[in-house]
Amino acid sequence: MTISRRGVLQGATALGAAGAAFWGFAETGKNFYQGVMGTAQAKGIAGGALPPEYKVDPATGEVILNPDQRVGYTMCMGCTSVCGIRVRVDKASGDILRATGNPYSPLSTNPHIPYDTPIKEAITGLSAYGEQGLAGRSTACGRGNAAIAKQNSKERILKPMKRVGERGSGQWKEISWDQLIEETVEGGDLFGEGPVEGLRAIRDLKTPLDPENPEYGPKANQLVVIPVFKNGRLMMAARFAKMAYGTRNFVGHRSYCGLSMRAGYAAMLDNLKKQPHLKPDYRHAKYMLFIGTAPGNAGNPYKLQGTLMGAARGRDGVKYAVVDPVLTNSQNHAFGKDNTWVPIRPGTDGALVMGMIRWIMENERYDAKFLAQPSGAAAQTAGEASWSNATHLVIDDPEHPKGGSFLRQGMVTADLEEDAQKAPMCLDAQTGELSPAKGRPATLFHQGTVRLLDGSTVPVATSLSLLRREALRKTLAEYSADCGVSEERIISLARDFTSVGKQAAADCHGGTMHAAGFYTAYAIVMLNALVGNLNAKGGTTAGGGRFKDVQKGPRYNLLAFPGKVKVKGVDAGRGGFAYEKTSEFNRLIADGKSPYPAQAPWHSFTQPMGAQWLTSVLEGYPYKAKAVITWSSNPVYGVAGMENDVKEKIKDTKRLPLFIAIDPFINETSRFADYIVPDRVFYEAWGWASAWGGVPTKVSTARWPVVDCQTGKTPDGRHMDMDNFFIDVAKRMELPGFGEKAIPDADGNLHPLHRSEDFWMRAGANVAFDGGAVPESDDTDMTITGVDRIRADLESTLKPDEWRRVAYVYNRGGRYEDAVKTYKGETFARSYKKGIQIWNETVGMARNSMTGKKFVGCPTWQAPSFADGTKVDKAFPPDLWPFRVVSTKSQLRSSSTGGNPYLDDLKLSNAIAINTVDADQLSIKTGDWITVISPSNRISGQAFVRHGIARGAIGIEHGYGHRELGARTHKIGKVILEGHSNRGLGTNSNDLGYTDPTSKRPALLADPVVGSIARQALPARIEKMG
Amino acid sequence: MPAVDLMSFDHEAVWRPWAVAYFLLVGTGAGAALLLAYARLVRIAEAKGALIVAASFALASGLPLLADLHQPARFMHFYLGSAPGSIMWWGSWFLPLFIVSTLLLAFMTGRRGNAPMCGGERMLTMIVGALALCILGYTAGEMSVVAARPVWNTLGFPVVLILTALMSGAGATMIIDSLNGEKGEGRYMLVVTGAATLVAFGLWMLTDTNLSTLAADYAPVGLFGGFIIAGVVVPVVLAVSAKASLLLRGVSGALAVFGALAFRWSTFNGAQLMSKTETAFYGHEAALSQDALRTLAGSAGLLILSLIFVTLLINLLAVRASKQTQA
Amino acid sequence: APAAASAQAKPKRWGMLVDLRKCIGCQACTVACTIENDVPEGQHRTAVPVYELDGPNGPSQAVLPRLCNHCDEPPCIPVCPVNATFKTEEGAVVVDAEQCVACGYCVQACPYEARFINHKTGVADKCTFCVHRTSVGLLPACVETCVGNARVFGDLNDPESEIRKLMAQHETKGLRPEFKTGPNVYYIGLDDRLASTVAVGGGARDLRQGLETSAHGEV
Ligand SMILES: Nc1nc2c(c(=O)[nH]1)N[C@H]1C(S)=C(S)[C@@H](COP(=O)(O)OP(=O)(O)OC[C@H]3O[C@@H](n4cnc5c(=O)[nH]c(N)nc54)[C@H](O)[C@@H]3O)O[C@H]1N2
Ligand SMILES: Nc1nc2c(c(=O)[nH]1)N[C@H]1C(S)=C(S)[C@@H](COP(=O)(O)OP(=O)(O)OC[C@H]3O[C@@H](n4cnc5c(=O)[nH]c(N)nc54)[C@H](O)[C@@H]3O)O[C@H]1N2
Ligand code: SF4
Ligand code: SF4
Ligand code: SF4
Ligand code: SF4
Ligand code: SF4
Ligand SMILES: [Mo]
């Protein structure tokens, strides 16, 4: 047979064609093969749906459980709202299938079901049976649903790690638990870089850490512990750090969360120590004003406020306004004209609100009857739900030694009992006579003089007069010019707010975290005082509190133990300590030098300033730290300006010899650690949490491991976590309060503390017995909720009459007071008793540590300023720095949910929002890459041009721009923990933060009065990228 | 002010480039089959080129169709029940019949060698022609009934789809004929259908804002440059002016096929880029995506194999037939 | 037969109502549906687009939870060449995963972009009104976890059902009325600008497109 040339050509073509066809159809071939050989990926009509966790008989409502799954109730930490959730688990794999709300929890259900509802009935109540599940629905938000991915995340740290090479280099080795405890306690030449003092050596409770400045306290203060927020586990860390180890440097994240708001409320609510705060009564308010808080978009508790906002929009006669540079989902188009967005120039709400107060004063729209009651007794007689010091007289002379304080009876009348001496004075409304505040109304406005016992005459004024004076300092036109909101708008807001009696409420939060934060917040919350809404139905509430857990309770006292240390000394962030009390101040006085300005700001009546700790201990003012422990906190990511300031210094082991991080993940802070201690994610952890606010009844949310903990085990078989780390360190150091005989019960017997369960289950016993014991759980309920998995521990840890009651509480994911207990008539059943401070004496007598000037004791308008009072706008004038950056919380993320696949799927990056008019002037379009330049730094991202942002504002959604949490590659021994660059997309506005230029020693820009970190209203300009 | 999407969600085009390949192949096959029927029954010509095109394009069309099913192994489901309400179901019957009948016709033609056509073959030619009409009808109908795709759901779309199929059938025939050194039957049909395409497309464009949106925003190059200019105007002009040159006839034919491809590419992918509920972004079906390349390679390879197979079939049978008559 | 008896005998007909005033755009429904129904990354049976619209007082945020409308005249059903998709007795439009050849024809035919070829199962997928839950006395996952309590699910044949009562009290609208599909998902507070094809631009979608082209900062 001959082969023709044509044949060869054809053959070659055919071969080539066959090759191409083969490549082209390979996928089809695969699909075909799978279709024939494989089983169908989905069967029936439900697609890939999960098998239901139970069935409910449509006729009877009877629950038929799915034996392959269980549903347990615990606490969510997809953000800080700590909602009660129900977690559905596949028994065979132990994997979490889905999470949504706990119907017993008022944070997840509106209204929540009565606490004694049987477990099965609760399930029926969630179902379609009789449509009960519609009204009874109990939810988790998008993040709460998505957070289940955390538990199995590939990025989790499960074994202790020690750095190899430089801090922050991303190179680690795994070490044993024993080595971890030994090295961190005993120190030594841990990294081949020279000796490092261990925790044992640092704990010296006698020797002052700085003999020159003995008030700084003992050396033990040089351990600085930066923990998580009140997530239900905090008290174990507090027990270790404060009560046993004895450092005063232990505080949550408030100074970079919402300190302005908390301090503003605290000043008004007369409790600067505990800083309680109020929430609007969303259920009955007729008018709500949100200034710098975004309920439904963020806010605490996020989900409940979202639900209540939804419900409010479904009611008749409800109106609200949101003042915010950024339009968010707090505003709702379908609700129409009854909710307005009021764009404002960042950082200038103080002007808006003082303008409102001016109008309210001038038009006498305040609740005069309420304000006239000078005491609780008077309020009761008058039928008011709260009272204020509006009528109390203040010594109105800042130069007077008592300037800013109240005029007290002891100053004008001699020979009084101690109590009577303290009584504040006012003018009786009827007689006009100077008299102590008692059970009768007093005069609202008065300015005059009073003769003191020593014969001197001092000017005095009522609190309300002083507030009016501050409000009248500027005209409405001036206020309007300062904040960029028209006079008409200011008036209409004030009119609306004062048109519905006590059914109006104002609230604020994250939007006040700027360099005018305190007075802004104080002014906003003061609006509530002007309508007298505290404790009123439809007004505001301080919340229902919690059942006793760790504090001295009916069964145990987990806060007291033999040998408990009382901490002493100055906070490393210079918070809560008056500069005037320092040795430094006295030395300067003694040397005849001016003590002002201080080297860096001190804030006398605020809380410890955790946000400044890293900055100040790395600088060494007031003092250096020898060891830092962070736990589930991430200040380097979350504090504006922190990373810029510390990222190099923190690598210097001379500045900071030892750095231990406890965290299930590597975050932007723990990346620099010497050791990382693995920790539980929240589904696996123990603890007791409560609501931040917004829940008018008692709430105690249980955390217990509804799934098995994934971390490695200690040699004696406990899971590695925060609790056990602190327990083992304490035991090795023989600290009080740990080991045998650590926890006293109500009878004074001491019980051991060797593991997490020893502590948290006993706290559970307190919860179960507080205010009357709950019933005992039967075995069936425990099986349904999976509490049977911890039954052996309950039985062996608790007393016979306790454990089944605690199981009853775990079965329900906590203990919750019934919703019917919310109101008593027209007021809240749980009311706030202290008086409202129109003028706060502590504030009014404190001095600015940089200028020595006294602060104003009532709300006033001060533009964002540096610590020494210089206006930010003066140092960074708007013609050169035309923009002010604000940060808005993402609805789809919290700061710690970076890298969640479900959330990333919705939105992978943020953008830099600017107003359409501003963008036009800069020729910027949506999607253009731009650079934002602040005094300290520059960041680049995509521009997002919208109408929904105020002119002159730059809006950056928070939660993006991570550098860790899965964004960066780490090496652990030979194992590579792969980083994904798309996890780090977007920008973090905190990169634009900066240190206060008026402070000699580095201090992050903060509110000059209370020191809350300024993450808002940062000056900036924009450049378009080429 | 248009709405600004603060949150939006992407969808992907469900019909992948395989659909374009299928519609091109089967449309060209059907166009050629009609040309064949017309040539044989009216003009009494052999029209071997048209036969080769009809049979091989039909043969090659099956696999890409299967490939556009994400569950190709389940193709039997089409035949295990009946869904007369679904045009696609009708298509599932037309297509195999069309493929088998064209192959059979090629077989008969090859086996008869140079002998004159018998009644059976004439009958089969008529059937092939009728099935080609069914194919054109069903493909155009299947898409134009989709109300949710306004670009398809018009009068213009099925008309142009059919006209370009005819054009492409004629064009492919011209390529084969020129390769075989023949003038063949395609030129006239190409010119007629090309001119009609221009008119139809023009009218459509004028009357349908959706098409203008598509043409302006989603597929400007494909529709204007690729389809109208390179795919219709140039081949028609070439075909009219270059009566004698086989090369130019071939080029004209090739461009006509390209035109049909460009039209399908633009209207299939383009229309899928146009969102139904909001102007969605459907994760680009870029012209040079992996998907598109695989489709191109797979379909072209398969088509060449089919061409070789059909040509060999006809030729080998013809050789055998001539040997038999010689014997 | 007496009216009451016949009403009782009437089978259930599922429907959903979304009170847009109550929706906060939290995407709990989106994520819950994804998890409950194992919907692959990048695909959604339900999602809540958020738009910035012109409102009476300037720009305004509009949310629009979207899902299959379980139409009375569903254009997706007749086109199916293998009868794989159909309406259940309770009115849910579903796909038989073992019958579907994944031709995508129904995906084309649905005017609401409610369908897709599921990357994991390889067949047509869509909201099933959580048939696996609703058929055993439970509520759909998205309804169970709706933070705003905006989603209401129930029996349209029962005049006493919550959904019917709300429909009686409020004006409700369905999406894309021009298609006459008889949608069974109703909205309170739907702006006409969102009812059909929404003219959008200059937002998240443009940002996503641009995201791929430029690198981000140091990690
Ligand atoms: N979605 C979501 N919810 C959350 C969290 C989360 O991470 N994500 N975290 C929880 C936590 S920890 C907290 S503390 C709360 C905080 O809850 P919020 O205080 O409600 O939230 P923020 O986003 O911090 O700030 C509120 C608003 O202030 C605005 N703002 C910024 N600067 C200014 C200004 O100068 N003036 C005015 N008027 N407004 C301004 C921002 O645009 C933002 O919309 O949210 C909790 N809820
Ligand atoms: N620009 C800007 N900055 C802000 C804010 C803002 O809105 N804008 N918000 C501020 C506010 S309000 C706050 S409260 C702070 C929050 O800031 P931080 O209090 O510092 O805390 P997070 O960053 O939320 O989370 C801390 C770490 O907890 C770890 N973690 C996550 N899940 C778990 C778990 O299940 N178990 C354990 N043990 N650990 C876990 C993670 O590693 C995470 O990095 O940020 C503030 N910073
Ligand atoms: S609000 Fe926060 S805590 Fe509550 S469910 Fe959502 S993520 Fe979880
Ligand atoms: S919305 Fe689409 S998928 Fe759902 S029934 Fe209607 S046409 Fe079919
Ligand atoms: S994709 Fe499946 S359900 Fe849809 S039309 Fe095709 S076969 Fe029918
Ligand atoms: S009903 Fe079920 S399938 Fe449909 S959108 Fe809701 S969760 Fe998803
Ligand atoms: S869960 Fe409810 S409130 Fe949240 S986005 Fe979905 S529909 Fe809206
Ligand atoms: Mo916070």
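Just above sits the structure.
Scoring rules and cut-offs
- Residues numbered from 1 in each chain as written.
- Chains lettered and ligands numbered in written order.
- Predicted model: local features only at pLDDT ≥ 70, side-chain atom pairs only at ≥ 80, totals over all residues.
- Heavy atoms only, no water.
- Helix = DSSP H or I, 4+ residues; strand = E, 2+ residues; numbered from the N terminus.
- Rg over C-alpha atoms; globule rule 2.2 N^0.38 Å.
- Buried < 20%, exposed > 50% of the residue type's maximum accessible area, 1.4 Å probe, protein only.
- Areas by Shrake-Rupley, 256 points an atom, 1.4 Å probe, with all protein chains shown as cover.
- Lys, Arg positive; Asp, Glu negative; His and termini not counted.
- Charge placed at Lys NZ, Arg CZ, Asp CG, Glu CD.
- Pairing = 2+ DSSP bridges.
- Axes fitted to C-alpha atoms, helices over the stretch in contact; angles between N-to-C directions.
- Contact = heavy atoms within 4.5 Å.
- Near = heavy atom within 4 Å.
- Nonpolar A, V, L, I, M, F, W, Y, C, P; charged D, E, K, R; others polar.
- Expected span 1.5 Å × (residues − 1).
- Patch = residues over 30% accessible without salt bridge, like charges linked within 9 Å, V, L, I, M, F, W, Y side chains within 5 Å.
- Salt bridge = Lys/Arg side-chain N within 4 Å of Asp/Glu carboxyl O.

Participant: Which residues make up the overall build of chain B, and what values do they have?
Facilitator: Helices and strands together make up the secondary structure of chain B, namely eleven helices and one strand. Going from the N terminus to the C terminus, chain B shows its helices and strands as β-α-α-α-α-α-α-α-α-α-α-α. Computed over C-alpha atoms, the radius of gyration of chain B comes to 20 Å, within 12% of the 20 Å expected from 2.2 N^0.38 for 327 residues, which places it in the range of a compact globule. If one aligns the C-alpha atoms of chain B with their principal axes, the spans along those axes are about 80 × 50 × 35 Å. Taking all 327 residues of chain B together, 60% fall into the buried category. Counting every atom, chain B has about 12400 Å² of accessible surface; 72% of that belongs to carbon and sulfur. Put simply, chain B has 18 plus and 15 minus side-chain charges, and the middle of one group is 17 Å from the middle of the other.

Participant: Please set out the sheet that holds strand 38 (residues 975–977) of chain A residue by residue, giving values where relevant.
Facilitator: Hydrogen bonds along the backbone pair up the strands of a sheet, which may run parallel or antiparallel. Residue and element names in this part refer to chain A. The strand order across the open sheet formed by eight strands is 10-22-23-24-6-7-37-38, and the pairing between neighbours is mixed. Two strands close off the open sheet at either side, each with one partner strand: strand 10 (223–226) and strand 38. Each neighbouring strand pair of the sheet contributes to a mean axis angle of 25°, computed without reference to strand direction. Here strand 7 (residues 171–174) pairs with strand 37 (residues 970–972) via two bridges, running parallel. Residue W172 lies in a different strand from strand 37, and its bridge partner there is I972. Relative to strand 24 (residues 675–677), helix 5 (residues 177–186) is tilted by about 125°, and along the sheet it contacts strand 6 (161–163), strand 23 (658–662) and strand 24. Strands strand 10 and strand 22 (627–631) of the sheet are contacted by helix 21 (residues 610–619), whose axis makes an angle of about 155° with strand 10.

Participant: Could you give an account of the site of ligand 4, naming the residues involved and the relevant values?
Facilitator: Close contacts around ligand 4 come from 13 residues, with C68(C), C71(C), C76(C), C110(C) and R115(C) the closest. When its residues are assigned to classes, the shell around ligand 4 shows nine nonpolar, two polar and two charged.

Participant: Mind laying out the environment of I976(A), listing which residues take part and the relevant values?
Facilitator: Residues and elements named next belong to chain A. Relative to the helices and strands, I976 is located in strand 38. In this structure I976 comes out as partly exposed when scored by relative accessible area, which is 45%. Remark: the alpha-carbon pair of I976 and G252, spanning 724 residues in sequence, is separated by 33 Å. Filtering out sequence-adjacent residues up to four positions away, I976 remains in contact with T969, H970 and K971.

Participant: Report on helix 19 (residues 517–531) of chain A, specifying residues and quantitative values.
Facilitator: All names here are of chain A. If you check helix 19, its first and last C-alpha atoms are 23 Å apart, about what 15 residues at 1.5 Å a residue would give, namely 21 Å. In terms of burial, helix 19 is a largely internal element, 15 of the 15 residues being buried. Positive backbone phi, at 60°, marks G532, one or two positions downstream of helix 19.

Participant: Tell me what's going on with the site of ligand 5, and back it up with residues and numbers.
Facilitator: Taken together, 13 residues lie near ligand 5, and C80(C), C100(C), C103(C), G104(C) and C106(C) sit nearest. Split into classes, the residues belonging to the shell around ligand 5 amount to eleven nonpolar, two polar and no charged.

Participant: Got a sec to walk through the pairing of strand 10 (residues 185–188) of chain C? Specific residues and values, please.
Facilitator: Residue and element names in this part refer to chain C. Side chains of strand 10 alternate between two faces, with V185 and Y187 and Y186 and I188 buried alike. Where strand 1 (residues 14–19) and strand 10 come together, four bridges link them in parallel fashion. Of the residues in strand 10, the one forming a bridge with V18 is Y187. Judged from the two bridges that link them, strand 9 (residues 172–173) and strand 10 form a sheet pairing that is antiparallel. Each residue of the ladder has a partner; that of T172, found in strand 10, is I188.

Participant: Pulling in residues and values, what's your account of a nonpolar patch on the surface?
Facilitator: All names here are of chain B. A cluster of nonpolar side chains, L198, V199, L203, I229, V233, V234 and V237, forms an exposed patch at the surface whose accessible area comes to about 550 Å². Counting only elements with at least two residues in the nonpolar patch, the list comes to helix 7 (186–207) and helix 9 (220–241). When residues of the nonpolar patch are assigned to their parent elements, the largest contribution, four residues, is made by helix 9. Relative to the elements of secondary structure, L203 occurs in helix 7.

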